[in-house]
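The primary structure of each chain is shown beneath.
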Amino acid sequence: MKAIVVYESLWGNTAAIARAIAEGIGSEARVLSTDEASGTAVSEADLIVAGAPVIAFSLPSDKVRTGIGANPGNAPEAPDLSHPSMRSWLDSLPARQGRSASFETRIWWSPGGATKSISRGLEAAGYKTIAKARRFIVTGKFGPLRDGELEQARLWGAELAKAMESQPSG
Ligand SMILES: Cc1cc2nc3c(=O)[nH]c(=O)nc-3n(C[C@H](O)[C@H](O)[C@H](O)COP(=O)(O)O)c2cc1C
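Below you will find a few notes about this structure. The model shown is predicted, which means the values in this text are computed figures rather than measured ones.

## Side note on the site of the ligand
Piece 1. In the vicinity of the ligand lie 22 residues, with Trp 11, Thr 14, Pro 53, Arg 106 and Ser 110 positioned nearest.
Piece 2. Tallying contributions element by element places helix H1 (residues 13–25) first for the shell around the ligand, with 3 residues.

## Thoughts on the pairing of strand E4 (residues 98–106)
Piece 1. The element E4 is extensively covered by neighbouring structure, given that 9 of its 9 residues are classed as buried.
Piece 2. The side-chain alternation of E4 yields two buried faces, one formed by Gly 98, Ser 100, Ser 102, Glu 104 and Arg 106 and the other by Arg 99, Ala 101, Phe 103 and Thr 105.
Piece 3. Across 7 bridges, strand E3 (residues 47–53) lies against E4 in parallel orientation. Note that in E4 the partner of Val 49 across the bridge is Ala 101.
Piece 4. Summarising the sheet, E4 and strand E5 (residues 127–129) pair through 3 bridges and their orientation is parallel.

## A few points about the nonpolar core
Piece 1. By size, the foremost hydrophobic cluster in this structure holds 43 residues, and its most contacted members are Val 5, Val 6, Ile 21, Ile 48 and Val 49.
Piece 2. Only strand E1 (3–7), H1, strand E2 (29–33), E3, helix H4 (86–91), E4, helix H5 (115–124) and helix H6 (149–166) provide two or more residues apiece to this core.
Piece 3. Of the residues forming this core, the biggest block, 8 residues, is contributed by H1.
Piece 4. Not counting chain neighbours up to four residues away, the residues in contact with Val 6 comprise Leu 32, Thr 34, Ala 37, Ile 48, Ala 50 and Trp 89.

Criteria and cut-off values
Residues numbered from 1 in each chain as written. Predicted model: local features only at pLDDT ≥ 70, side-chain atom pairs only at ≥ 80, totals over all residues. Near = placed C-beta within 6 Å. Helix = DSSP H or I, 4+ residues; strand = E, 2+ residues; numbered from the N terminus. Buried ≥ 20, exposed ≤ 12 C-beta atoms within 10 Å, placed from the backbone. Pairing = 2+ DSSP bridges. Core = buried A, V, L, I, M, F, W, Y, C linked by C-beta atoms within 7 Å. Contact = placed C-beta atoms within 7 Å.

Below, the structure written as structure tokens:
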């Protein structure tokens, strides 16, 4: 089973969760930013796990990302906008039969979310959802991750690998 964990991450929280999920899935999983996730890395994947931060109650739009780049507020460091948005990555994802799961990082009390849009995009490309979407929590607007979230991500990765054993093909 080949798996990729694809992420959008402006301040590194989602990237850290993506790495932990891949560790949990096992050595057959690769962690890829949205610009690395192309070509055979994607076409050979049986499982795509995709994640992004919740920004302005939603999966970040390109407009919102541009706004953050122009005015990052009191961010501890400049946002990493070098990789395409998850939205645009999903829009260009080639259709294929496979399996998928989605996750988001976010503050715990916010309305809205990112995983509905991610799951919809993955399903539209032919990647059937194998597990309930997951939320991972940060304690402040820019992070850090809440204690224990990386461990939860590893455990979830292991659950996804098990789910793939019981329903491996699309
Ligand atoms: C400008 C801005 C807007 C945000 N809006 C929301 C939001 O609406 N809901 C939420 O739960 N979290 C929100 N957050 C928190 C981010 O989702 C959280 O910090 C996330 O982990 C960032 O992921 P990253 O480090 O991978 O970029 C916001 C953060 C920033 C900087």
